[in-house]
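Summary of structural features
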Amino acid sequence: MSKRVFVVTGSNRGIGYAIVKGIAEKVENAVVYMTARKLEEGEKASEEIRKILGERLKSEIKTVQLDITDAESGKRLAEHIQKEHGGFDVLVNNAGFAFKVNATDPASVQADVTIGINYYGTKLISSILLPLIRPNGRVVNICSMCGQMPGHFSQELIDVLHNPNVSYADVDKFVEDYKELAKGDGRKAAGYPESAYRVSKAAAIALTMIQARELKEKNVTVNGCCPGYVATNMSSYKGPLTIEEGADTPLYLALEEDVPHGAFVKKRQVSEW
């Protein structure tokens, strides 16, 4: 039997780091790919995990360079996985970005960057890697409670993303319309919140639902989740949860037997979004 292969994006620190550590400690004889935009930072982090776990280390950690917005780096990773393993078993799309609350960048810039990473980046790396996922695999997309739409978006926009047959084109239009509106002051009037992060995470959850539909025939389980408000660099270390607590639900969805499919999950429970 071939080793189980895991890929965790953006995992040299924060929640992704804790996910890699959790897999390496819990799963026997697997290969876990820690990806980082800067290879040296990933190598430093993976070595740190090896030292922390010591004899509790059950799986091999490999470090690779990956920028989820760069197709070439994604293709290099896919080619490596194909050559070394013939495929992989679990993808955790953890890489993400948020501007600080006091950021002074124009709304249009914040929209381009945030959506470019959280939605388009996740969509891009998924499109490159998922053709290699083996039957009975798992996809876990780290989303956010900020992606929950009621109370923040118009019912018309909610209906678009919550449509069981929502398409990539629908979600692309949803974010592109927002980006255009962010150049002026028409976001609220058009039914959007001002926050680009909220828009990006709603789009990421909708992306999850499309992937769940597409991969069902391959018996690949796909879910999105909220890790909670975790003390990481992204939150300026203000969250009340540790990175290990934030990794709990993603690890549950990646590893446990009885998990949902095509759901948004918080605290191991299916949640409306």
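As shown above, the structure is provided for reference.
Report on the accompanying structure. (Residues numbered from 1 in each chain as written. Predicted model: local features only at pLDDT ≥ 70, side-chain atom pairs only at ≥ 80, totals over all residues. Heavy atoms only, no water.)

1. Focus: the pairing of strand S7 (residues 263-266)
One ladder, built from four bridges, connects strand S6 (residues 221-226) with S7; its direction is parallel. Following the sheet pairing, Cys 225 is matched in S7 by Val 265. Summarising the sheet, S7 and strand S8 (residues 269-270) pair through two bridges and their orientation is antiparallel. Across the sheet, the residue bridging to Val 265 is Val 270, located in S8. With antiparallel pairing between neighbouring strands as the criterion, S7 and S8 make up a hairpin whose turn holds two residues, including Lys 267 at a positive phi of roughly 50°. (Pairing = 2+ DSSP bridges. Helix = DSSP H or I, 4+ residues; strand = E, 2+ residues; numbered from the N terminus.)

2. Considering helix H6 (residues 168-181)
For H6, which comprises 14 residues, the first-to-last C-alpha distance of 20 Å matches the rise-based estimate of 20 Å (1.5 Å per residue) to within 8%. Of all the positions in H6, only Val 171, Phe 174, Val 175, Tyr 178 and Lys 179 are classed as buried. On an axial view of H6, the arc spanned by its buried residues comes to 130°, and they lie on one face. When the buried face of H6 is taken as reference, the exposed residues oriented beyond 90 degrees from it are Ala 169 and Lys 173. (Expected span 1.5 Å × (residues − 1). Buried < 20%, exposed > 50% of the residue type's maximum accessible area, 1.4 Å probe, protein only. Arc of directions from axis to C-beta.)

3. Examining the side chain of Asn 93
Position of Asn 93 among the secondary structure elements: in strand S4 (residues 88-93). Accessibility expressed as a relative area gives 3% for Asn 93, which makes it buried. Discounting residues that sit within four places of it in the chain, Asn 93 has contacts with Thr 9, Thr 122, Ile 125, Ser 126, Val 139, Val 140, Asn 141 and Ile 142. (Contact = heavy atoms within 4.5 Å.)

4. Here we look at the packing of aromatic side chains
Within the structure shown, the criterion is met by six aromatic pairs. Measuring from ring centre to ring centre gives 5.8 Å for Phe 153 and Phe 174, while their planes differ by 35°; the resulting arrangement is tilted. On the criterion of sequence distance, the pair formed by Phe 153 in the loop between strand S5 (133-142) and helix H5 (155-162) and Phe 174 in helix H6 is long-range, its members being 21 residues apart. With a relative accessible area of 3%, Phe 174 lands in the buried category. Where Tyr 178 meets Tyr 192, the ring centres are 5.5 Å apart and the plane angle is 55°; that geometry is what we call tilted. Within this pair, whereas Tyr 178 is found in helix H6, its partner Tyr 192 is found in the loop between H6 and helix H7 (196-215), the two being separated by 14 residues in sequence. For the pair shown, Tyr 178 and Tyr 192 are each scored as buried. Cluster of aromatic residues (ring-pair linked, three or more members): Phe 153, Phe 174, Tyr 178 and Tyr 192. (Phe/Tyr/Trp six-rings, centres within 6.5 Å; stacked < 30°, edge-to-face > 60°.)

5. Some remarks on the nonpolar core
Formed by 32 residues in total, the largest nonpolar core has its most connected members in Ile 19 and Ile 23. Contributing elements (two or more residues each) for this core: strand S1 (5-8), helix H1 (14-26), strand S2 (31-36), helix H2 (39-53), S4, S5, helix H9 (248-255) and S7. Residues contacting Ile 23, with those up to four places away along its chain left out, are Phe 6, Val 8, Val 32, Ser 59 and Leu 251. By size, the runner-up hydrophobic cluster in this structure holds 29 residues, among which are Tyr 192, Val 199, Ala 202 and Ala 204. (Core = buried A, V, L, I, M, F, W, Y, C linked by side-chain atoms within 4.5 Å.)

6. Concerning the sheet that holds S8
Reading across the sheet, the eight strands line up as S3-S2-S1-S4-S5-S6-S7-S8 and stay open at both edges, with mixed pairing between neighbours. Both outer strands of the open sheet, strand S3 (60-65) and S8, are each paired with one neighbouring strand and no more.

7. With respect to the packing of H1 against H9
Running from amino to carboxyl end, H1 crosses H9 at an angle of 45°, the nearest separation of the two axes being 10 Å. If you check the angle between H1 and H9, you find them oblique. As H1 runs across H9, the sense of the crossing is right-handed. Contacts between H1 and H9 involve Ala 18, Ile 19, Gly 22, Ile 23 and Lys 26 from the first element and Pro 250, Leu 251 and Leu 255 from the second. Of the residues in the contact of H1 with H9, the class split is six nonpolar, one polar and one charged. (Axes fitted to C-alpha atoms, helices over the stretch in contact; angles between N-to-C directions. Parallel < 35°, antiparallel > 145°, perpendicular 65-115°, else oblique. Left-handed = near helix turned anticlockwise from the far one by under 90°. Nonpolar A, V, L, I, M, F, W, Y, C, P; charged D, E, K, R; others polar.)

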